[in-house]
Amino acid sequence: MPIYEYECKKCKKYFEVWQKITEEPLKICKECGGELLKLISESSFILKGTGWYVTDYAKKEKDKKDKNSKEKDKDIASEKA
Ligand SMILES: [Zn+2]
């Protein structure tokens, strides 16, 4: 079962959700009701190798992820504390 990653466009909260491939993607942030952006999980989709994700969209998502990685690490750390 793949892990889907989402980021809220509004509050920037990051979610990891285990979902069946047939399940509807999440669209609404549980925290603030904002719109969720679906990220592509590197651990699940890249292994499938169908190539559909190799798009400008995916590249942009990766860039965004790299830029935000410091913020995300902080968020995750504070949640676990
Ligand atoms: Zn939110």
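Residues numbered from 1 in each chain as written. Predicted model: local features only at pLDDT ≥ 70, side-chain atom pairs only at ≥ 80, totals over all residues.

**Examining the overall build of the chain**
For clarity, the cut-off: Helix and strand definitions follow DSSP, with helices as H or I runs of at least four residues and strands as E runs of at least two, each counted in order from the N terminus. Here the C-beta atoms are placed from the backbone, and a residue counts as buried if at least 20 other C-beta atoms lie within 10 Å of its own, exposed if 12 or fewer do, and partly exposed otherwise. Placing a C-beta atom from the backbone of each residue, one calls two residues in contact when those atoms lie within 7 Å.
In terms of regular secondary structure, the chain is built from two helices and three strands. Each helix and strand of the chain, placed in order from N terminus to C terminus, yields the pattern β-β-β-α-α. Expressed as a percentage of its 81 residues, the buried residues of the chain come to 7%. In the chain, the proportion of contacts linking residues at least 24 apart, taken out of those at least 6 apart, comes to 44%.

**Things to note about the confidence of the model for the chain**
To be explicit about the condition: On a range of 0 to 100, pLDDT expresses the predictor's confidence in each residue.
Averaged over the chain, the pLDDT score is 74; the fraction of residues at 70 or greater is 49%. The secondary structure element of the chain with the lowest average pLDDT is helix α1 (residues 42–48), at 50, and the one with the highest is strand β3 (residues 36–39), at 92.

**Considering the pairing of strand β1 (residues 3–8)**
Which entries qualify depends on this criterion: DSSP-based pairing: two strands are paired if at least 2 bridges between them are found.
Relative to strand β2 (residues 14–18), β1 is paired through five bridges, and the arrangement is antiparallel. Pairing of Glu 7 across the sheet is with Tyr 14, part of β2. Between β1 and β2, which follow one another and run antiparallel, lie five residues, and Lys 12 among them has a positive phi close to 65 degrees.

**Quick look at the sheet that holds β1**
Applicable threshold: Helix axes use the C-alpha atoms of the stretch in contact, all axes being lines fitted to C-alpha atoms, and the angles between their N-to-C directions lie in the range 0 to 180 degrees.
Ordered by their spatial adjacency, three strands build an open sheet running β2-β1-β3, and the pairing between neighbours is antiparallel. The strands lining the two open edges of the sheet, one partner per strand, are β2 and β3. When strand polarity is set aside, the average angle formed by the axes of neighbouring strands in this sheet is 30 degrees. Summarising the sheet, β1 and β3 pair through four bridges and their orientation is antiparallel. Paired with Cys 8 across the bridge in β3 is Leu 36.

**Things to note about the environment of Lys 20**
With respect to the helices and strands, Lys 20 occurs in the loop between β2 and β3. Between the C-alpha atom of Lys 20 and that of Pro 2, which follows or precedes it by 18 residues, the distance is 6.8 Å.

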